[in-house]
Amino acid sequence: MNFSELGLNPSIVKALAEEGYEKPTAVQNQAIPAALAGGDLLVSSQTGSGKTAAFMLPSLERLAHPPKSTGTGPRVLVLTPTRELAQQVKTAAETYSKHLRRVRTVCVVGGTAYPQQLRSLKAPFEVLVATPGRLLDLATSGRIDFSRLEVLVLDEADRMLDMGFIGDVDRIAAEARWRKQTMLFSATLEGAGLRKFAEDLLKDPAELF
């Protein structure tokens, strides 16, 4: 199976081909069709398995179509535990969406000056990649509008739990309560804390291992 057979927009498939992507990895083969079906996902996937494309490609597929509601905030929100990972996800999103019209990605993370990030939020954008603490600061001060959010992705949820971010994530999820889809990716799904968190956050998710 190739990427065009997964139901992705030709503009996304073109970008993948230009980057040398030939065939989907195992997690992409499972996650992309499941995500395109519109339900929540609970996915166990190790670093290096291709998980970023597994959640970003179907999320970008939504952006090939007009938004279903008005607003100025993101349609796709990706939470990551570290700023390094956030930057990697931002780069991937920009690479995969380069042939889509009017898709702009913004990254907000701790350790970066607020004025610079506030400027990046003023122009229209569709994808927001963020670390939980900084995003919560911006959200509670009214700097981000979640009214048109369609997809929430938690990348490396197990690390966010270990780093004490789950309370922040819970509050962000409450702000983004009108979202249509949630995807949780974790290297492991073991542990009562992570399972409980997933049960509270996800609705009848497809579990992929």
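Along each chain, numbering runs from 1 in the same order as the chain's sequence is written. Only residues with pLDDT of at least 70 are given local features in this predicted model, and only at 80 or more are side-chain atom pairs given and counted; all residues enter the totals for whole chains, interfaces and linings. Water and hydrogen atoms play no part in the side-chain values, which are based on all heavy atoms of the structure.

The next subject is the nonpolar core. If you look at the biggest cluster of nonpolar residues, it comprises 39 residues, and the most contacted ones within it are M56, L57 and L60. The helix count covers DSSP runs of H or I at least four residues long, the strand count covers runs of E at least two residues long, and both are numbered beginning at the N terminus. If you tally residues by element for this core, the top one is helix α3 (residues 51-63), at 7 residues. Between two residues, a contact is recorded if the distance between any of their heavy atoms is within 4.5 Å. If we skip the residues at most four places from it in the chain, L57 touches F3, L8, I12, L16, I32 and Y96. Buried Ala, Val, Leu, Ile, Met, Phe, Trp, Tyr and Cys residues that are joined via side-chain atoms within 4.5 Å together make up what is termed a nonpolar core. A 1.4 Å probe rolled over the protein chains alone gives each residue an accessible area, and that area as a share of the maximum for its type sets the label: buried under 20%, exposed over 50%, partly exposed in between. Listed in part, the 33 residues of the second largest apolar core include I144, L149, L154 and A157.

With that settled, the discussion passes to the packing of aromatic side chains. Side-chain rings of Phe, Tyr and Trp, where Trp is taken by its six-membered ring, are said to pair if the distance between their centres is within 6.5 Å; with planes under 30 degrees apart they count as stacked, over 60 as edge-to-face, and otherwise as tilted. In the structure shown here, the tally under the stated rule is 3 aromatic pairs. Considering the side-chain rings of Y21 and Y96, the 5.8 Å spacing of their centres and the 85 degrees angle between planes classify their relative orientation as edge-to-face. With a gap of 75 residues between them, Y21 in the loop between α1 (10-18) and α2 (26-36) and Y96 in helix α4 (residues 83-96) connect regions that are remote in the sequence. Accessibility expressed as a relative area gives 5% for Y96, which makes it buried. An aromatic cluster is defined as three or more aromatic residues linked by ring pairs; in this entry it consists of F3, Y21 and Y96.

Let us now look at the environment of W178. Relative to the assigned elements, W178 resides in the loop between α8 (166-175) and β6 (181-186). Taking the C-alpha atoms as reference points, W178 and F146, separated by 32 residues in sequence, lie 8.1 Å from one another.

One side-chain nitrogen of Lys or Arg within 4 Å of one carboxyl oxygen of Asp or Glu is enough to make a salt bridge. Taken as a whole and assessed by the stated rule, the structure comprises 12 salt bridges. With a closest N to O distance of 3.7 Å, K51 and E156 form a salt bridge. With K51 in helix α3 and E156 in the loop between β5 (151-154) and α7 (157-162), this residue pair connects regions lying 105 residues apart in the sequence. The class for K51 is buried, based on a relative accessible area of 7%. You can call E156 buried: its relative accessible area is 8%. Between E156 and R159 there is a salt bridge, with its nearest N and O atoms 2.7 Å apart. By relative accessible area, which is 35% here, R159 ends up partly exposed. Among the charged side chains, a salt-bridge network with shared partners connects K51, D155, E156 and R159.

This part is about the packing of α3 against α4. Between α3 and α4, the shortest axis-to-axis distance is 10 Å and the interhelical angle comes to 45 degrees. Classified by the angle their axes make, α3 and α4 are oblique. Here α3 runs over α4; the crossing is right-handed. Facing T52, A53, F55, M56, L57 and L60 of α3, the residues of α4 in contact are V89, A92, A93 and Y96. Residues are grouped as follows: Ala, Val, Leu, Ile, Met, Phe, Trp, Tyr, Cys and Pro are nonpolar; Asp, Glu, Lys and Arg are charged; all remaining types, including Gly, are polar. Looking at side-chain class alone, the contact of α3 with α4 contains 9 nonpolar, 1 polar and no charged residues. With axes taken as lines fitted to C-alpha atoms, and helix axes fitted only over the stretch in contact, angles between N-to-C directions fall between 0 and 180 degrees. Oblique is the label for every angle not falling under 35 degrees (roughly parallel), over 145 degrees (roughly antiparallel), or within 65 to 115 degrees (roughly perpendicular). Should the near helix be turned anticlockwise from the far one by less than a right angle, the crossing is termed left-handed; should it be turned clockwise, right-handed.

Functional significance is not addressed by these values, which are geometric in nature.
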